[in-house]
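Architecture at a glance
Chain by chain, the residues run as shown.
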Amino acid sequence: MKNSFKITDTKIVITLFTLAFAAFITVAVLNPGKQEIKPKNFVGIDAAGFKHYPDGHMERMEVKFK
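Residues numbered from 1 in each chain as written. Predicted model: local features only at pLDDT ≥ 70, side-chain atom pairs only at ≥ 80, totals over all residues. Heavy atoms only, no water.

**A short note on the sheet that holds strand S1 (residues 44-45)**
The strand order across the open sheet built from three strands is S1-S2-S3, with neighbouring strands paired in antiparallel fashion. Either end of the sheet is taken by a strand with one partner, and the two such strands are S1 and strand S3 (58-60). In terms of strand pairing, strand S2 (residues 50-52) meets S3 through three bridges, oriented antiparallel. When the bridges of S3 are listed, Lys-51 appears paired with Glu-59. (Pairing = 2+ DSSP bridges. Helix = DSSP H or I, 4+ residues; strand = E, 2+ residues; numbered from the N terminus.)

Okay, here's the thing in structure tokens:
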């Protein structure tokens, strides 16, 4: 029986190239990229001094007197 599983330089180069290509495709697919951040545009300020945002978030507004 002939040994068909001889490891040659060509097989090593093809295997490394295939693994590198698969790793590149995997990283390209799984990397979400830069996330776009929406600016916080507040809706308004209530009488207690809370800023209201469209997503329901509230922040306490600090009032500074001179």
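After presenting the structure, the write-up continues.
**What about helix H1 (residues 9-30)?**
Between its first and last C-alpha atoms H1 spans 32 Å; for 22 residues at 1.5 Å apiece the expected length is 32 Å, and the two agree. Buried residues are scarce in H1, accounting for zero of its 22 residues. (Expected span 1.5 Å × (residues − 1). Buried < 20%, exposed > 50% of the residue type's maximum accessible area, 1.4 Å probe, protein only.)

**Some words on the environment of Pro-54**
If you trace the backbone, Pro-54 turns up in the loop between S2 and S3. When the C-alpha positions of Pro-54 and Asn-41 are compared, they lie 7.4 Å apart, and in sequence the two are 13 residues distant. Not counting residues within four places of it along the chain, the set of residues in contact with Pro-54 comprises Asn-41 and Val-43. (Contact = heavy atoms within 4.5 Å.)

**Here we look at the confidence of the model for the protein**
With 80% of its residues at a pLDDT of at least 70, the protein reaches an overall mean of 81. Of all secondary-structure elements in the protein, the lowest mean pLDDT belongs to S1, at 80, while H1 reaches the highest, 92. (pLDDT = per-residue confidence, 0-100.)

**Looking at the packing of aromatic side chains**
Going through the model one piece at a time under the given rule, you end up with zero aromatic pairs. Above the ring of Phe-50, the side-chain terminus of Arg-60 is found at 5.2 Å from the ring centroid. (Phe/Tyr/Trp six-rings, centres within 6.5 Å; stacked < 30°, edge-to-face > 60°. Lys NZ or Arg CZ within 6 Å of the ring centre and 35° of its normal.)

**Notes on a nonpolar patch on the surface**
Taken together, the side chains of Phe-17, Phe-21, Phe-24, Ile-25, Val-29 and Leu-30 define a hydrophobic patch exposed on the protein surface, amounting to about 710 Å² of accessible area. Looking at the element boundaries, Phe-24 is found in helix H1. Accessibility expressed as a relative area gives 56% for Phe-24, which makes it exposed. (Patch = residues over 30% accessible without salt bridge, like charges linked within 9 Å, V, L, I, M, F, W, Y side chains within 5 Å. Areas by Shrake-Rupley, 256 points an atom, 1.4 Å probe, with all protein chains shown as cover. Salt bridge = Lys/Arg side-chain N within 4 Å of Asp/Glu carboxyl O.)

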